[in-house]
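Read off the chains here:
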Amino acid sequence: MKNILFVTSEAVPFIKTGGLADVAGSLPRYFNREKYDVRVILPRYLCMKPAYLEKLTYVSHFYMYYNGKNRYVGILTTVVDGITFYFIDNEEYFSGEKPYGDWFWDLQKFCFFCRAALSALPVVGFKPDIVHCHDWQSGLIPVLLKDSFRGGEFFRDIRSIMTIHNLKFQGVWNVPVIKQFTGLSDYYFTSDKLEAYNDGNLLKGGLVYADKITTVSETYAEEIKTEFYGEGLDGLIRARTNDLVGIVNGIDYTDFNPETDPHIRKNYNVDNFRKEKYKNKLQLQSEVGLPSDKSKFVIGIVSRLTDQKGFDLISCVMESLCQEDMQIVVLGTGDARYESMFRFYTDKYPDRVSANIYYSEELSHKIYAGCDAFLMPSLFEPCGLSQLMSLRYGTVPIVRETGGLKDTVEPYNEFSKTGTGFSFANYNAHEMLRIVEYAKRIFFNNKKDWNMIVERGMKQDYSWSSSARKYEELYDTLLK
Ligand code: ADP
Ligand code: GLC
């Protein structure tokens, strides 16, 4: 049996702000359980849903000297679908309204989390062969494994993997502060280690010290070797090319299944979507305050409203997108300017745009099921899960050809009758508008082809089954 520990700042069903939670919470279920014991450790946030907080059982606690004083480290646990989750408890650090918010505070809190997570392992008696770290919040772990945790019997030989879900966020502050929060010596703060552009950088630490690096699609693995996508670390990524692999994300095909989804009005599948799917459209329209009309071309957006997701392209041509035969349903929160942009257009065109500026698991499922198309024109996209959810629900993705979007959506070709969606290459608002209009033309004028696109999309397999095998192979190579 190989023991694997996922270290993450979020995981479904406990706490989620984005795709990282989906991955960290669902991937562990898809390993071969006879060979891999994959467990997950994350903070116990007070903002987790009360129903989940109540489920956690106390294991133990200890005090750990960190950043100037002795601090409480509680350990809790629960098992979901046979997967053991551990939680690090400390009310000072983890009692905010959201998992993240203030950079300075977040840095301190996740450096604490990394130390506490490793320190908790002998206490719970789980000795991982590999610690699999996700994003900057756990970037300190590979460094600690080669530093203060190197000596003892327990930690010796533990290997580490650093997975990049988003290179944009690196956990950066000036060197004295990062030195204080990490408790690392001067030795680590040179440009070949944790220092980058005169600052301390936690993700960089992970990328330098991890035994292997992965990211969440093959295309993104290539893109981050370039200056445009490399976020200042492309040199390091190029240097570690031989240890870098791109493994595309999957989604949980049980949670995201139009045939059984309890959140949607009418369940359907690839055989009967032609007759049944539109019932979800009618219900979605009335629920979000748009006229219920089967004949409109309805585009969905479920997203963090940030620059990454291409909202400046949408803002730029929003007026032209608000056409009479179209409706746009948005669900998301984020930058104030995008929130107000969508609110503005909802006021201006109440029968064409519906802005739902909040977080709702349930409405997201209704959008994946009820729309005709799903728009995701990202500036960069390490993988993207929303387009996979759309494919699964027969909602045709319209995406920019970057990162995981490029790897998972095959553009429609009207001559060869292939493709599962629509895509455009350049980060250009009018190029996006043209492709949306093209999709709309196919929707209205060539229903047969449209339905074939839907059908091909629904038949794609983006469950975890093949990607989990790739992680298993990676674990095996590392432990050879
Ligand atoms: P990212 O992780 O960059 O935000 P992904 O596409 O990988 O992008 O994952 C986003 C996940 O968050 C999807 O599961 C999506 O449905 C969900 N999501 C984003 N915004 C909301 C929201 N406002 N309400 C519900 N779910 C949301
Ligand atoms: C990040 C990326 C997204 C990816 C997700 C899960 O949030 O922005 O593209 O799907 O992580 O890996």
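The preceding data block contains the structure.
Residues numbered from 1 in each chain as written. Chains lettered and ligands numbered in written order. Predicted model: local features only at pLDDT ≥ 70, side-chain atom pairs only at ≥ 80, totals over all residues. Heavy atoms only, no water.

As a further point, take the packing of aromatic side chains. We describe a pair of aromatic rings using the distance from one ring centre to the other and the angle between the two ring planes. Under the counting rule described, the total for this entry stands at 40 aromatic pairs. For the pair Tyr63 and Tyr72, a centre-to-centre distance of 5.9 Å together with 75 degrees between the ring planes defines the contact as edge-to-face. In this structure Tyr63 comes out as exposed when scored by relative accessible area, which is 53%. Each member of the aromatic cluster is reached from another via a ring pair, and the members are Phe297, Tyr412, Phe422, Tyr438, Phe443, Phe444 and Trp450. Here Lys127 stacks its cationic end above the ring of Phe154, 5.5 Å away from the centre of that ring. Lying over the aromatic face of Phe443, Lys447 brings its terminal NZ or CZ to 3.9 Å of the ring centre. (Phe/Tyr/Trp six-rings, centres within 6.5 Å; stacked < 30°, edge-to-face > 60°. Buried < 20%, exposed > 50% of the residue type's maximum accessible area, 1.4 Å probe, protein only. Lys NZ or Arg CZ within 6 Å of the ring centre and 35° of its normal.)

Residues Leu207, Ile314, Met318, Leu321, Phe422 and Trp450 are the most contacted members of the largest nonpolar core, which totals 162 residues. Residue contributions to this core peak at 11 residues, all from helix α4 (residues 103–124). Sequence-distant contacts of Met318, defined by excluding residues within four places in its chain, comprise Ile328, Met341, Phe342, Tyr345 and Val353. (Core = buried A, V, L, I, M, F, W, Y, C linked by side-chain atoms within 4.5 Å. Helix = DSSP H or I, 4+ residues; strand = E, 2+ residues; numbered from the N terminus. Contact = heavy atoms within 4.5 Å.)

As a matter of local geometry, ligand 2 sits amid 14 residues, with His165, Asn249, Glu381, Cys383 and Gly384 nearest to it. Taking Gln308, its side chain carries an N or O atom lying 3.0 Å from an oxygen atom of ligand 2. Within the contact set of ligand 2, an oxygen atom lies 3.5 Å away from a backbone nitrogen or oxygen of Pro382. Bound to the protein, ligand 2 loses 93% of the 310 Å² it would expose on its own. At 3 residues, the largest contribution of residues to the shell around ligand 2 is made by helix α1 (residues 19–26). Considering only residue class, the shell around ligand 2 consists of 6 nonpolar, 6 polar and 2 charged. (Near = heavy atom within 4 Å. Polar contact = N/O pair within 3.5 Å; in protein donor to acceptor, adjacent residues only side chain to side chain. Areas by Shrake-Rupley, 256 points an atom, 1.4 Å probe, with all protein chains shown as cover. Nonpolar A, V, L, I, M, F, W, Y, C, P; charged D, E, K, R; others polar.)

With that out of the way, let us pick up the environment of Asp243. Along the chain, the position of Asp243 falls in the loop between α10 (234–239) and β12 (244–246). A residue is classified by how much of its surface remains accessible, and Asp243, at 24% relative accessible area, is partly exposed. The spacing of Asp243 and Ser119 is 124 residues in sequence and 27 Å in space, taken between C-alpha atoms. Sequence-distant contacts of Asp243, defined by excluding residues within four places in its chain, comprise Asp211, Lys212 and Ile213.

Before going further, it helps to spend a moment on the sheet that holds strand β7 (residues 159–164). Read across the sheet, 9 strands follow the order β3-β4-β5-β2-β1-β6-β7-β11-β12 without closing on themselves; strand pairing throughout is mixed. Of all the strands in the sheet, the pair left with one neighbour each is β3 (57–66) and β12. Each strand of the sheet is rotated relative to its neighbour by a mean of 25 degrees, with strand direction disregarded. Note that strand β11 (residues 212–215) and β12 share 3 bridges and pair parallel. By the bridge assignment for β12, Ile213 is matched with Leu244. Packed on one face of the sheet, α4 meets β1 (2–7), β2 (36–43), β3, β4 (69–80) and β5 (83–89) and runs near 120 degrees to β3. (Pairing = 2+ DSSP bridges. Axes fitted to C-alpha atoms, helices over the stretch in contact; angles between N-to-C directions.)

Moving on, we get to the site of ligand 1. Neighbouring ligand 1 are 22 residues, the closest being Gly19, Arg304, Lys309, Tyr368 and Leu385. Backbone polar atom of Gly19 to an oxygen atom of ligand 1: 2.6 Å apart, as the coordinates give it. Between an oxygen atom of ligand 1 and a side-chain N or O atom of Tyr368, the distance comes to 2.6 Å. Out of a free accessible area of 560 Å², ligand 1 has 93% covered by protein chains. Taken together, the elements giving at least two residues each to the shell around ligand 1 come down to α1, β13 (297–305), β14 (326–334), α14 (361–370) and α15 (386–392). Taken together, the residues of the shell around ligand 1 break down into 8 nonpolar, 9 polar and 5 charged.

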